[in-house]
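Each chain is listed here by its residues.
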Amino acid sequence: VQLVESGGGTAQPGDSLRLSCTLTGRSFTLTDMAWFRRAPGKDRAFVATIEGGTRDLYYADSVKGRFTISADNAKNAVYLQMKDLKPEDTALYYCAAVRRSFAPTGPTYDYWGQGIQVTVSS
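Thresholds applied
Residues numbered from 1 in each chain as written. Predicted model: local features only at pLDDT ≥ 70, side-chain atom pairs only at ≥ 80, totals over all residues. Heavy atoms only, no water. Salt bridge = Lys/Arg side-chain N within 4 Å of Asp/Glu carboxyl O. Helix = DSSP H or I, 4+ residues; strand = E, 2+ residues; numbered from the N terminus. Buried < 20%, exposed > 50% of the residue type's maximum accessible area, 1.4 Å probe, protein only.

Participant: Hey, could you go over the pattern of salt bridges for me, with residue numbers and the actual values?
Facilitator: Enumeration according to the criterion identifies six salt bridges in this entry. Ionic pairing is found between R99 and D32, a salt bridge with its closest N-O pair at 3.8 Å. Within this pair, whereas R99 is found in strand β9 (residues 91–99), its partner D32 is found in the loop between β3 (17–24) and β4 (33–38), the two being separated by 67 residues in sequence. Accessibility assignment for this pair places R99 and D32 in one class, buried. Between R66 and D89 there is a salt bridge, with the nearest N and O atoms lying 2.7 Å from each other. Pair noted here: R66 is in the loop between β6 (57–59) and β7 (67–72) and D89 is in the loop between β8 (77–82) and β9, with a separation of 23 residues, a long-range link. For R66, a relative accessible area of 10% translates into the label buried. What you see here is one network of salt bridges that share partners, running through D32, E51 and R99.

It is worth stressing that arrangement in space is one thing and function is another; only the former is reported here.
So, in structure tokens, the structure goes:
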């Protein structure tokens, strides 16, 4: 199983960015997928998840209304559309697959991407 992230970069406050993550080596449609982030000096934190099968969505309070997680089954890809970016969104963003935690917002996943940097600065 491999996760490959793309789409990060530098943005100004109020800008938008879209992250992509492609899953290989496993059935995509039944796999829980998620995005986490690690801000400088902080622990890794849940951002959003899309559940396998049902495709139910969950978000961290800090990104609700600004970030949207979505999946393209034909491309085995999950996306994180980020709008109205703020400096506090600056972090290393990780894609994750196959959740082991009971809660949808739980932190335990079997597979992780390498991380992709998002920097929001004026």
